[in-house]
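# Structural overview for review
Here is what each chain is made of, one letter per residue.
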Amino acid sequence: DYIFVSAQRRRGEMEETMKERKDMDPQYMWDLSTLFKNDEEWNNALPELDEMIKKLPEYQGKLNNAKTIREFFDFDTHLGRKLSDFYCYASLRNCEDTRDSDAQAMEAKAYQVYTAYATAISFAEPEILSLDEDVLESIVHSEDLKPYAFNMQKLLDQKPHVLSAKEEALLAAFTETLGAPSKISESLQDADMTFESVTDSNGEVHELNQSNYILLQMSEDRTLRLNAFKSFYKGFKQHINTFAATYNGCIKEAVAEAQVRHYESSRAMSMAYEHVPGVVYDSLVDTVRKFMPEMYRYVRLRKQMLGLDELHYYDVYTPLIAGSSKSYTYEEAQQMVLDAVTPLGEDYVNRVKQAYKDRWIDVYPNNGKRGGAFSSGTYDSNPYILTSFTGTLDSVSTIAHEMGHSQHTWLSNHTQTPQNADYTLFVAEVASTVNENLLVEQLLQKTTEPKERLALLNHYLEGFKGTVYRQTMFAEFERDAHAMAERGEAITAASMNTLYKNLIKDYFGEDLVIDDEVQYEWARIPHFYRPFYVYKYATSYCAAVSLSEAILNNEDGAVKKYLEFLSMGGSAYPLDELKHAGVDFSTPEPVSRALTKFSQILDDVEETLKKL
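Residues numbered from 1 in each chain as written. Predicted model: local features only at pLDDT ≥ 70, side-chain atom pairs only at ≥ 80, totals over all residues. Heavy atoms only, no water.

With that settled, the discussion passes to the overall build of the chain. When you go through the chain residue by residue, the secondary structure sums to 28 helices and seven strands. The C-alpha radius of gyration computed for the chain amounts to 24 Å, which stays within 12% of the reference 25 Å derived for 612 residues, consistent with globular compactness. Each principal axis of the C-alpha distribution contributes one length, and for the chain these read about 75 × 55 × 50 Å. In the chain, once contacts between residues fewer than 6 apart in sequence are set aside, the share between residues at least 24 apart is 76%. Taken as a whole, the chain presents about 25200 Å² of accessible surface, with 49% of it coming from carbon and sulfur. The distance from the centre of the 62 positive side-chain charges to the centre of the 96 negative ones in the chain is 2 Å. (Helix = DSSP H or I, 4+ residues; strand = E, 2+ residues; numbered from the N terminus. Rg over C-alpha atoms; globule rule 2.2 N^0.38 Å. Contact = heavy atoms within 4.5 Å. Areas by Shrake-Rupley, 256 points an atom, 1.4 Å probe, with all protein chains shown as cover. Lys, Arg positive; Asp, Glu negative; His and termini not counted. Charge placed at Lys NZ, Arg CZ, Asp CG, Glu CD.)

For helix α26 (residues 558-567), the full list of buried residues reads Ala-558, Tyr-562, Phe-565, Leu-566 and Ser-567. Buried positions along α26 lie against α18 (346-357), α19 (393-413), α21 (425-428), α22 (430-446), α25 (535-552) and α27 (574-581). Backbone geometry just after α26 places Gly-569 at a positive phi near 55°. (Buried < 20%, exposed > 50% of the residue type's maximum accessible area, 1.4 Å probe, protein only.)

Let's shift gears to the packing of α22 against helix α23 (residues 450-486). Between α22 and α23, whose axes approach to 10 Å, the crossing angle comes to 165°. Here α22 is positioned roughly antiparallel relative to α23, judged by the angle of their axes. Like other packed secondary-structure pairs, α22 and α23 cross with a definite hand, here left-handed. Between α22 and α23, the residues in contact are Glu-436, Asn-437, Val-440, Glu-441, Leu-443 and Leu-444 and Arg-453, Leu-456, Leu-457, His-459 and Tyr-460, respectively. (Axes fitted to C-alpha atoms, helices over the stretch in contact; angles between N-to-C directions. Parallel < 35°, antiparallel > 145°, perpendicular 65-115°, else oblique. Left-handed = near helix turned anticlockwise from the far one by under 90°.)

This paragraph deals with the pattern of salt bridges. Applying the stated criterion to the full structure yields 43 salt bridges. One salt bridge in this structure joins Asp-362 and Lys-369, with 2.9 Å as the shortest N-O distance. For Asp-362, a relative accessible area of 1% puts it in the buried group. The class of Lys-369 is buried, set by a relative accessible area of 6%. The shortest N-O distance in the salt bridge between Arg-479 and Glu-476 comes to 3.6 Å. Of this pair, Arg-479 and Glu-476 both sit in helix α23, three residues apart, which is roughly one turn of that helix. A relative accessible area of 24% means that Arg-479 is categorised as partly exposed. Through salt bridges with shared partners, a single network forms among Arg-267, Asp-282, Arg-289, Glu-476, Arg-479, Asp-480 and Asp-506. (Salt bridge = Lys/Arg side-chain N within 4 Å of Asp/Glu carboxyl O.)

Attention now goes to the nonpolar core. Counting 147 residues, the largest nonpolar core has Tyr-247, Phe-464 and Trp-522 as the members making the most contacts within it. No other element matches the 15 residues that α23 contributes to this core. What Trp-522 contacts, discounting residues up to four positions off in sequence, is Ile-240, Phe-243, Ala-244, Tyr-247, Phe-477, Met-496, Asn-497, Tyr-500 and Phe-528. Grouped together as the second largest cluster of nonpolar side chains are 48 residues, Phe-75, Cys-88, Leu-136 and Phe-374 included. (Core = buried A, V, L, I, M, F, W, Y, C linked by side-chain atoms within 4.5 Å.)

Right, let's get into the environment of Leu-136. Structurally, Leu-136 can be placed in helix α6 (residues 133-140). In the structure, Leu-136 is positioned 68 residues away from Glu-204 in sequence and 71 Å away in space, judged by C-alpha atoms. Sequence-distant contacts of Leu-136, that is, excluding residues within four places in its chain, are made with Ile-128, Leu-129, Leu-131, Met-152, Leu-156 and Lys-159.

Turning to the packing of helix α2 (residues 46-55) against helix α4 (residues 101-121), a few remarks are in order. α4 packs onto α2 with a crossing angle of 15° between their chain directions and a minimal axis gap of 10 Å. The orientation of α2 relative to α4 falls into the category roughly parallel. You can see that α2 and α4 cross each other, and the crossing is left-handed. Here Leu-46, Leu-49 and Ile-53 of α2 lie close against α4, whose contacting residues are Lys-109, Val-113, Ala-116, Tyr-117 and Ala-120.

Attention now goes to the environment of Ser-164. Tracing the backbone through its elements, the reader meets Ser-164 in the loop between α7 (149-157) and α8 (165-173). According to the relative accessible area criterion, Ser-164 is partly exposed, its value standing at 34%.

Here we take up the sheet that holds strand β5 (residues 374-376). Strand order in this open sheet of three strands is β4-β6-β5, and the pairing throughout is mixed. The sheet is open, and its two borders are formed by β4 (361-362) and β5, each paired with just one other strand. (Pairing = 2+ DSSP bridges.)

On the surface, a cluster of negative charge is contributed by Asp-132, Glu-133, Asp-134 and Glu-137. Mapping Glu-137 onto the fold places it in helix α6. (Patch = residues over 30% accessible without salt bridge, like charges linked within 9 Å, V, L, I, M, F, W, Y side chains within 5 Å.)

This next bit is on the packing of aromatic side chains. Enumeration over the complete set of coordinates arrives at 48 aromatic pairs. Taking the centre distance of 5.0 Å and the plane angle of 70° together, the rings of Phe-150 and Tyr-573 count as edge-to-face. Taken as a pair, Phe-150 in helix α7 and Tyr-573 in the loop between α26 and α27 lie far apart in primary sequence, 423 residues in all. As far as the burial class goes, Phe-150 and Tyr-573 line up, both buried. For the ring pair Phe-464 and Phe-598, a centre distance of 5.5 Å and an interplane angle of 40° mean the geometry is tilted. One end of the pair, Phe-464, is in helix α23; the other, Phe-598, is in helix α28 (residues 589-609), with 134 residues separating them in the sequence. (Phe/Tyr/Trp six-rings, centres within 6.5 Å; stacked < 30°, edge-to-face > 60°.)

Here we take up the side chain of Asn-437. Within the fold, Asn-437 resides in helix α22. Apart from residues lying up to four places away in sequence, Asn-437 is in contact with Tyr-460, Tyr-541, Ala-544, Val-545 and Ser-548.

This part covers the environment of Tyr-541. Here Tyr-541 is to be found in helix α25. With relative accessibility at 2%, the residue Tyr-541 sits in the buried group. Along the chain, Tyr-541 and Val-260 lie 281 residues apart, while their C-alpha atoms are 34 Å from each other.

What follows covers the side chain of Glu-577. Within the element layout of this structure, Glu-577 appears in helix α27. One buried charged residue, Glu-577, remains without a salt bridge, the closest side chain of opposite sign being Lys-154 at 8.7 Å. Not counting residues within four places of it along the chain, the set of residues in contact with Glu-577 comprises Val-427, Phe-565, Met-568, Gly-569, Gly-570, Ser-571 and Ala-572.

So, in structure tokens, the structure goes:
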């Protein structure tokens, strides 16, 4: 569940008041100048964007031959690069301090510009796809469109689902409105919700917020964990009907669009763009359920190692070994990541050093800073990483994780043309997880002390629990929630609470006591507002296990094929890209292999316990 961790302080500094953005040390803040030098330059870019968007309709009615279509694609690609820079800068500025009204206005303006662009270009795909079959076939294979051959193929894939130009324009005009449920949920959580402060076993008071909740759940003080758990979900319970309404809006929008576009379901629509069949999704769920006994084994082991008569949900994050939590400086974390990625070659290592030197990373928390961690950027900028470094092993792992994303982006952007550079979400978490696995394996090789080893193995196990089992559980939740809506059943707080609570029982087994608060957890998962995204965390993690094992075992050509995979960007369908790297999701084998590794780590924990 480290994917959602946005811990805002180092251990031992939790009671310090966070600084304002203006008081932060610039060397630990990202440098956005590869996008725009400042807000004024960003604002000055708006007139040119507006003029370019106004020119798009000039192509309407003319996209009936290869030459004009090529001109249109070239113009749109050029515009897309400028628009991407414009939107990315505004978004990153808003992430620096979500309370900053100027930054909020910038992102809102950027979103309006994007909506205007989506509306202005909505005629293009329907117009091209309305051409007679023989004409379209000749255009697709013409020399003029060779640089856009894969783009045209993806466009043809959508032919049965693209509406008329007027219908597409109407849908595009509602882009901002249809995105409202996600924005409302995000604003409610990040800006408006507050939580009662909590006390630990010594009576000391701790502030509780979205950003430090998981950090408090990792505490070795069970009283603090319990109080934080109850206070946090009390806050969600108070707003649960609002969250149900926003999620209902998100689901209904997806279901309605799928029906309008003639897909069999909202899930089929979400998976179609990446050319991933539904069987991959179902195979993931089925295979994980076959390995559920290993998850139950982990839960029993956690209960045993913590010495508890009852294991509760507020016990699932705390370290398995008391006193095992080490703290690291950011400089130590930088070197640990460099050491971990050494097997990937000198060029890869040097690019990580460049990221440190050129300030790709916004390192520490400040008041108002967006929670979580991510890697962003555009074709023409360097990648950017947002994190809130706390000094824990999770924080170090987050640096490695986001650096994987950034290196994937860098290699794609420097190998592919703009139209083929963007890799899809299905492969987006592979590079990040490979880096995490390389980090923990490298640390395990250096560690002989049993307590330290158990701490690392616990971290490894948490990766599997949080990314394979938990994300698959989320995938089941989404699949079932959307199916309920498609059957005409009500999406209410009660129905979502029941669905989620039953899945917790299935995935954690009889050794976990199911507290009442558990049922509200679904409301805090932002990824549900990007339908059918979370399953890709699980498939990516399984792919990453195969790839990192091959790299560490020095399998012939493993590093070369992996770096080629990172360089492919969006030039092929994601399943084909992974197959090139040596991972085949047409079978359950990658998921089975990953969960077999999970079982081996459990064996390692049991053997290490004997040495204490």
